[in-house]
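# Summary of the model geometry
Listed below are the residues making up each chain.
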Amino acid sequence: MKDCEYSQIAQGCPATPPPRDPPRDSPPRRSRRRRKWEVFPGKNRFACDGRIMTSRQSGVFYLTLGLITGTSGLFFAFDCPYLCVTLSPAVPACGCVLVTVVLLALLRTALTDPGVVPRAPPGGLEGGGDTLGVSASAAAGGSCRAPSRVKEVLLNGQLVPLRYCYTCHAFRPPRASHCSVCDNCVERFDHHCPWVGNCVGVRNYRSFFLFLTSLSLLTLYIFSFTLTHLVLRSRRAGFVSALKESPASAVELLVCFLSVWSVLGLSGFHTYLVMVNQTTNEDMKKSWSNRKGRDNFNPYSGGGLLHNCAQVLCAPLQPSLLDLRGFVVPDIAETSNSSTLGMQPLNALARADDEDTERRRRRSCDDDGDDEDDDDVDDDDVDDDDVERGGGAVLVAILHHSGAFPVATARRGAVKMSAV
């Protein structure tokens, strides 16, 4: 009976859960390493992990791309079938080659680095501790005057100015200028072209020139063969009936007629610039003269048209100065443990310094107890020791926590800091 009751009670009682292992501390999650294109200070957009770079204002670029692809698509769909049978299969073949060259040159110009000059670190001029050659202590005290924002270098017998950019914190290279749209200094800056959605500089000027010349040929090609198509059709039933049979040809003629003048004008203008080895920015500002005897002669011109064309269009393409796919080096102040030099250790340091100062004051009072005039401790000595042991320690801790890392020395209550 007892065994039965015991078994019934045992079955009804809830089983005790097995002991659980103490929870293990999960390892801290590492923050994702950011690449440099993610923190790029300019007004640009990036794609394909920093491999593609373009301007933020790229709406007109899509309009350009749509006009080229749309007009070419209409030409291949409505005109080339008739011309291929009537004239030659070479008509659509040559058109395909021209369209391919135009699109590749456009994408190469719009989606690559135009030659952006990297910005100097915010600490000073191109990584140094000074800005424009003036030290921080001299600038704070106002003991010296800031130097000129323009330097001059001798290039082929001509003084070329190097202007300081207060946005990029560096002197611009020769022929470089700061683009207000992209907010970057671009080497051999020509202009910012909204039609391609990017700046035109030293690294994409030849593709931009190829885009202009090939687009001019493509516009003339489509215009001439579309007109030929309509003329051949109008021989049987008239021009109006030919337009009714191929209404897309009228749209192609209108688009090509309105755009051919500006495209041809730009192609001719940049052909002139290539032959004299100048940029649009230099030509608009009248920076240089093409005559050798003038005082402001062009130091970049080689003296001949063929030499200038070879220098601009056939010179080796320099690599990009931007390491966009590189990883951002974390700042020491960000990676340091905030609990190591937080407010609690600083308060502990301050309390220890106060106790040490009070202890030294009491010791001085005990030594000079008979003399009432010497009961008070010299304020200067207290301040000296306080700054040297107490305030100096707190100051070093605060500046170390903020990333300044100074060396502090105290004399008579004044703290003099010198950078390590």
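Residues numbered from 1 in each chain as written. Predicted model: local features only at pLDDT ≥ 70, side-chain atom pairs only at ≥ 80, totals over all residues. Heavy atoms only, no water.

## As for the pattern of salt bridges
Counted under the stated rule, the structure contains six salt bridges. Notably, a salt bridge pairs Asp323 with Lys36, separated by 3.7 Å at the nearest N-O pair. Here Lys36 lies in the loop between helix 1 (2–12) and strand 1 (44–47) and Asp323 lies in the loop between helix 9 (305–313) and helix 10 (332–335), a separation of 287 residues in the sequence. Residues joined by salt bridges that share partners form a network here, namely Arg35, Asp49 and Arg325. (Salt bridge = Lys/Arg side-chain N within 4 Å of Asp/Glu carboxyl O. Helix = DSSP H or I, 4+ residues; strand = E, 2+ residues; numbered from the N terminus.)

## Thoughts on the packing of helix 7 (residues 247–276) against helix 9
Where helix 7 meets helix 9, the axes come as close as 6 Å, and the angle between the chain directions of the two elements is 105°. Considering the angle they form, helix 7 stands roughly perpendicular to helix 9. Residue-level contacts link Val274, Met275 and Val276 of helix 7 to Leu305, Asn308, Cys309, Val312 and Leu313 of helix 9. Each residue belonging to the contact of helix 7 with helix 9 can be placed in one class, and the counts come to seven nonpolar, one polar and no charged. (Axes fitted to C-alpha atoms, helices over the stretch in contact; angles between N-to-C directions. Parallel < 35°, antiparallel > 145°, perpendicular 65-115°, else oblique. Contact = heavy atoms within 4.5 Å. Nonpolar A, V, L, I, M, F, W, Y, C, P; charged D, E, K, R; others polar.)

## Quick word on the sheet that holds strand 5 (residues 158–165)
The antiparallel open sheet is built from three strands, whose spatial order is 4-5-6. With partners counted over all chains shown, the strands left at the sheet margins are strand 4 (150–155) and strand 6 (170–171), one partner each. Note: strand 4 against strand 5, six bridges, orientation antiparallel. Within strand 5, the position partnered with Val153 by the bridge is Val160. (Pairing = 2+ DSSP bridges.)

## Quick word on unusual backbone geometry
A positive phi angle is found at Arg175, which is not glycine, with a value near 75°. For Arg175, the position within the fold is in the loop between strand 6 and strand 7 (177–179).

## Observations regarding the packing of helix 2 (residues 59–86) against helix 7
Running from amino to carboxyl end, helix 2 crosses helix 7 at an angle of 145°, the nearest separation of the two axes being 9 Å. The interaxial crossing formed by helix 2 with helix 7 has left-handed handedness. Of helix 7, the residues touching helix 2 (which contributes Thr71, Leu74, Phe75, Phe78 and Asp79) are Ala248, Ser249, Val251, Glu252, Val255 and Cys256. Taken together, the residues that form the contact of helix 2 with helix 7 break down as seven nonpolar, two polar and two charged. (Left-handed = near helix turned anticlockwise from the far one by under 90°.)

## Comments concerning the confidence of the model for the chain
On average, residues of the chain score 74 in pLDDT, and 65% of them reach the 70 mark or higher. Averaged pLDDT values for the elements of the chain fall to 35 in strand 12 (residues 414–419) and rise to 95 in helix 3 (residues 90–110). Of the regions scoring below 50 in pLDDT, residues 1–10 engages in zero contacts with residues more than four places distant in sequence or in other chains. Here residues 370–420 scores under 50 on pLDDT; set against residues more than four positions off or in separate chains, the count is 68 contacts. (pLDDT = per-residue confidence, 0-100.)

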